[in-house]
Amino acid sequence: MQWFNVGKIVNTHGIQGEVRVISRTDFPDERYAVGNELSLFMPNEKKPIKLIVASHRRHKNFDLLTFEGHININDVEKYRDGLLKVSEKQLGDLEEGEFYYHEIIGCTVYTDVGEELGEVTDILATGANDVWTVTPKTGKPHYIPYIEDVVKEIDIEKKQIIIEPMEGLLS
């Protein structure tokens, strides 16, 4: 089974069993919904721990979660540095033109005239739009905004992306 990272527990928050999570999902309200099941993968452990979300709220740059059966700080302290993941079965369908990060990362990017630019190695969520880090075989990375004016075609099956570079984008 394939697993997808939705967040990392970085600390506890208060004494009521709440944890601070640095979120890695575009769907926090869906992933951290009360009653949703998350799998916690701890460093150096093979088997995940199943957790059911009991509460979720935002505080500063963190998502704060509590889990069923974990009512105080002593129950959750041991989860620090754990990764919260969902299985591929838990991924929902997206609208046309929307993609999961794991579908985009690893795609080869070409210009509209057939020049290979490199592979998407990271995605930066900037707020207005995502920015893809495209790393060539040699040289420094390019930063490609995921906007309609630039990204012209995405073929997930072939792992190929065609862009029309704006002036100055690749310099």
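That block above? That's the structure.
Just so it is clear, the model here is predicted, and its values are computed rather than measured.

Considerations on the side chain of Thr-108
Link 1 in the chain: Residue placement: Thr-108 occurs in strand 7 (residues 108-111).
Link 2 in the chain: By relative accessible area, which is 18% here, Thr-108 ends up buried.

Topic: the environment of Gly-7
Link 1 in the chain: Looking at the secondary structure, you find Gly-7 in strand 1 (residues 3-13).
Link 2 in the chain: Aside from chain neighbours lying at most four places away, what touches Gly-7 is Val-21, Ile-22, Ser-23, Arg-24, Tyr-32, Gly-82, Leu-83 and Leu-84.

Points about the sheet that holds strand 3 (residues 37-41)
Whenever strands of a sheet pair, they do so through backbone hydrogen bonds, lying parallel or antiparallel.
Link 1 in the chain: Within the closed barrel, the six strands sit side by side as 1-2-5-4-3-6. Their pairing is antiparallel. Adjacent strand axes in the sheet meet at a mean angle of 50° when their direction is disregarded.

What about the sheet that holds strand 10 (residues 142-145)?
Link 1 in the chain: Here six strands make up an open sheet; going across it, the order is 10-9-8-7-12-11 and the pairing mixed. Each edge of the open sheet carries a strand with a single partner, namely strand 10 and strand 11 (151-155). The mean angle between the axes of side-by-side strands here comes to 35°, regardless of whether they run parallel or antiparallel.
Link 2 in the chain: Pairing between strand 9 (residues 130-135) and strand 10: four bridges, direction antiparallel. Following the sheet pairing, Trp-132 is matched in strand 10 by Ile-144.

Considering the packing of aromatic side chains
Link 1 in the chain: Inspection of every chain in the model, using the stated rule, returns two aromatic pairs.
Link 2 in the chain: Between Trp-3 and Phe-41, the aromatic rings sit 5.1 Å apart at their centres with planes inclined by 65°, giving edge-to-face as the arrangement. Linking Trp-3 in strand 1 with Phe-41 in strand 3, this pair joins segments that are 38 residues apart in sequence.
Link 3 in the chain: The exposure class of Trp-3 is partly exposed, given its relative accessible area of 24%.
Link 4 in the chain: On the accessibility criterion, Phe-41 (16% relative accessible area) is buried.
Link 5 in the chain: For the ring pair Trp-132 and Tyr-146, a centre distance of 4.9 Å and an interplane angle of 20° mean the geometry is stacked. Here Trp-132, found in strand 9, pairs with Tyr-146, found in the loop between strand 10 and strand 11; they are 14 residues apart in sequence, far enough to count as distant.
Link 6 in the chain: The class for Trp-132 is buried, based on a relative accessible area of 2%.
Link 7 in the chain: Over the face of the ring belonging to Phe-62 we find Arg-20, whose NZ or CZ atom lies 5.2 Å from the ring centre.

Criteria and thresholds
Residues numbered from 1 in each chain as written. Predicted model: local features only at pLDDT ≥ 70, side-chain atom pairs only at ≥ 80, totals over all residues. Heavy atoms only, no water. Helix = DSSP H or I, 4+ residues; strand = E, 2+ residues; numbered from the N terminus. Buried < 20%, exposed > 50% of the residue type's maximum accessible area, 1.4 Å probe, protein only. Contact = heavy atoms within 4.5 Å. Pairing = 2+ DSSP bridges. Axes fitted to C-alpha atoms, helices over the stretch in contact; angles between N-to-C directions. Phe/Tyr/Trp six-rings, centres within 6.5 Å; stacked < 30°, edge-to-face > 60°. Lys NZ or Arg CZ within 6 Å of the ring centre and 35° of its normal.

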